[in-house]
Amino acid sequence: MSNITRRQFGKAAAAAAALSGVSLPQIAFGQTPASDLAYPTGFLWGCATAAYQIEGAVHADGRKPSIWDIFAHTPGKTYHGETGDVADDSYHLYKEDIALLHNLGAQTYRFSIAWPRIFPDGAGQPNPQGLDYYQRVVDELLAHNITPYVTLFHWDLPAALPGGWQSRDTAKAFADYAAYVTRHLSDRVHHFMTTNEIVCFTDLGYLTGRFAPGLKLPRAQANQVRHHGVLAHGLGVQAIRANARGPVQVGLAENPTDFVPVIETPEHIQASRRAMREGNAPFLTAIMEGRYIESYLEREGKNAPRVEPGDMKAIGSKLDFVGLNVYTPTYVRADSSPQGYAVVQPQASFPHMASDWIHVGPESIYWAVHNVCELWHPQAVYITENGCSADDVFRPDGRIEDTDRIMYLRNYLSQLHRATSEGYPVKGYFLWSLLDNFEWLDGYSKRFGIHYVDFKTEKRTPKLSAEWYREVIAHNAVV
Ligand code: GCO
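All figures in this text were calculated on a predicted structure; none of them were measured in a lab.

## Concerning the site of the ligand
Residues in contact with the ligand amount to 13 residues; listed here are only the nearest, Gln53, Glu197, Tyr327, Glu385 and Glu439. Separating an oxygen atom of the ligand from a side-chain N or O atom of Tyr327 is a distance of 2.9 Å. For the ligand, whose unbound accessible area comes to 310 Å², protein coverage reaches 95%. When atom positions are compared with the pocket grids, the ligand is found to occupy the largest pocket. Of the residues belonging to the shell around the ligand, the class tally is six nonpolar, four polar and three charged.

## A closer look at the domain arrangement of the chain
Splitting the chain by domain gives domain 1 (1-31) and domain 2 (44-475). A C-alpha centroid distance of 41 Å is found between domain 1 and domain 2.

## Here's the deal with the pattern of salt bridges
Where charged atoms from two side chains of opposite charge come close, those side chains can pair. With the rule as written, the count across this model stands at 26 salt bridges. Between Asp311 and Arg168 there is a salt bridge, with the nearest N and O atoms lying 2.9 Å from each other. With Asp311 in helix H13 (residues 311-315) and Arg168 in helix H7 (residues 168-185), this residue pair connects regions lying 143 residues apart in the sequence. When its relative accessible area of 3% is taken as the criterion, Asp311 is described as buried.

## Brief notes about the nonpolar core
Judged by nonpolar contacts, the single largest core of 148 residues is most densely connected at Trp68, Tyr429 and Tyr469. Looking at which element gives the most residues to this core, the answer is H7, with ten residues. When near neighbours in sequence (up to four residues on either side) are disregarded, Tyr469 contacts Trp45, Gly46, Cys47, Leu104, Tyr429, Leu431 and Ile450.

## Quick notes on the pairing of strand E12 (residues 451-454)
Here four bridges tie E12 to strand E13 (residues 459-462), and the two strands are oriented antiparallel to one another. Paired with Val453 across the strands is Arg460, a residue of E13. Hairpin connection between E12 and E13: a loop of four residues separates the two successive antiparallel strands, and Glu458 in this loop has a positive phi of roughly 65 degrees.

## Here we look at empty space enclosed by the protein
All told, the structure shown has three cavities of 30 Å³ or more when counted by the stated rule. In this model, the largest cavity occupies a volume close to 90 Å³. Lining of the largest cavity is provided by 15 residues; of these, Ile54, Tyr109, Phe111, Tyr133 and Val137 occupy positions nearest its centre. If you list the elements that add at least two residues to the lining of the largest cavity, you get helix H2 (51-54), helix H4 (90-104), strand E2 (108-112) and helix H6 (128-143).

## Digging into the environment of Tyr469
With respect to the helices, strands and loops of the structure, Tyr469 is situated in helix H16 (residues 464-475). A residue is classified by how much of its surface remains accessible, and Tyr469, at 0% relative accessible area, is buried. Separated by 60 residues in sequence, Tyr469 and Leu409 have C-alpha atoms that sit 8.9 Å apart.

## As for the sheet that holds strand E7 (residues 322-325)
Strand order in the closed barrel formed by eight strands is E1-E2-E3-E4-E5-E7-E10-E11, and the pairing between neighbours is parallel. Averaged over all neighbouring strand pairs, the angle between strand axes comes to 25 degrees, with direction disregarded. Docked against the sheet, H6 engages E2 and strand E3 (147-153), running at close to 170 degrees with respect to E2.

## Focus: the packing of helix H10 (residues 266-279) against helix H14 (residues 363-376)
Relative orientation of the contacting elements H10 and H14 amounts to 75 degrees, with a least axis distance of 10 Å. One element, H10, and the other, H14, form an angle in the roughly perpendicular class. For the pair H10 and H14, contact is made by Ile269, Ser272, Arg273, Met276 and Arg277 and by Trp367, Ala368, His370, Asn371, Val372, Glu374, Leu375 and Trp376, respectively. Split into classes, the residues belonging to the contact of H10 with H14 amount to seven nonpolar, three polar and three charged.

## Side note on the environment of Ile383
Tracing the backbone through its elements, the reader meets Ile383 in strand E10 (residues 381-386). Put simply, Ile383 and Gly323 are 60 residues apart on the chain and 5.6 Å apart in space, counted from C-alpha to C-alpha. Apart from the residues within four sequence positions on either side, Ile383 is in contact with Leu324, Val326, Ile365, Val369, Leu416, Gly428, Tyr429 and Phe430.

Basis of the calculations
Residues numbered from 1 in each chain as written. Predicted model: local features only at pLDDT ≥ 70, side-chain atom pairs only at ≥ 80, totals over all residues. Heavy atoms only, no water. Near = heavy atom within 4 Å. Polar contact = N/O pair within 3.5 Å; in protein donor to acceptor, adjacent residues only side chain to side chain. Areas by Shrake-Rupley, 256 points an atom, 1.4 Å probe, with all protein chains shown as cover. 1 Å grid on protein atoms, 1.4 Å probe; cavity = no way out; pocket = protein on both sides within 12 Å on 5 of 7 lines; lining within 4 Å. Sits in = over half its atoms within 2 Å of the grid points. Nonpolar A, V, L, I, M, F, W, Y, C, P; charged D, E, K, R; others polar. Domains from an automatic or database assignment. Salt bridge = Lys/Arg side-chain N within 4 Å of Asp/Glu carboxyl O. Helix = DSSP H or I, 4+ residues; strand = E, 2+ residues; numbered from the N terminus. Buried < 20%, exposed > 50% of the residue type's maximum accessible area, 1.4 Å probe, protein only. Core = buried A, V, L, I, M, F, W, Y, C linked by side-chain atoms within 4.5 Å. Contact = heavy atoms within 4.5 Å. Pairing = 2+ DSSP bridges. Points joined across faces, edges and corners; volume = space filled by probe spheres on them. Axes fitted to C-alpha atoms, helices over the stretch in contact; angles between N-to-C directions. Parallel < 35°, antiparallel > 145°, perpendicular 65-115°, else oblique.

Right under this line is the structure:
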């Protein structure tokens, strides 16, 4: 916001206040008004991306295919058969992308490492050229004073691993890969996330078959896949801690279903907390409690996962932080069923963003933090993803004025402020996403970036939301 706008705003507000007889706090025109929505000092602002969604260069320097390369190349799987072959070509253009972060004033960047660049066959021989790329990315970030937050697995599983997540050995291979990366990067990278959204790479990949590798397994086998997912996380935490060359903070990025009380009364609030625990039982609950809760085991009966000694201890490894990816609410109300809660489906008129699954429910970010903290008291929480798709188009004057995205972000950040002002230990926020990228099944048809990417030329153009986010970062406040 320019000073001129601020001045006009100040005048209009003063005039309105004069008419209504309300006195406003004294703000000298042309100065920054103190925002009611200021974030705690030291709060970290950044952006998030993931390797397969931005890097391209899928054959470069020894990388071999991941299950997403194969899936995206299978006819009929993604929008118009689009793939991550080229994507944003961030593999070559990473300096440009880091310059975008720098222009925003971002203090931190969450990106993921492509396992198939580091271990092209998933296990066995590492590929030093793959590691070199991430060394260069880290160098460039540090040169710009941007703190790297590294995700080790954002769905690009090396295709060569026999059985993929159906095999317990994949969890062990993940730990070896995590150990290797930690040994080589932890002198300069101090924040690691093991996995991203376990439900997506397990259930969507092996139960509903909508994501890679596209399998629809029977319940018992799918539950075993889930178990290997959380086990990989747990073994990964142990491997990172055992191999760190200095102090590191370890966590993960999860997208628990965010149950929001339909009305903020004690009974519905209680229902939402219960739903958070039970509705996410195979994933975040197992990780935070180091066990599968009774109601989950009862519900699954003979299909419950087979657990080996030591598994649950690894899965429940203590974390330094919990990362939450928050996009959309799931409303819940108290009811008299044995479960004690019922999900309330949104009506057809519920407003959503360009992706119709993103209902605009800003309070979901507050309740995600609230419920996770009240249930499990993590030391620290980050919002590791929040953002939305919008139908971004150039105006005749060359601008992209994504006021809808700004509306979405402003409202979510206002609700996140509610959480920080109540004292919940939220330490930072990563906007999804730095730039438009390969949106999985939706290919390039859904744009989540605050920078527009012309996928023919790879030209990056800041959208209005990038300008807005720069103000947020500069003021450490919702503007
Ligand atoms: C996810 C992933 C991202 C998505 C983003 C928008 O949450 O699915 O972490 O890779 O692109 O969430 O759908």
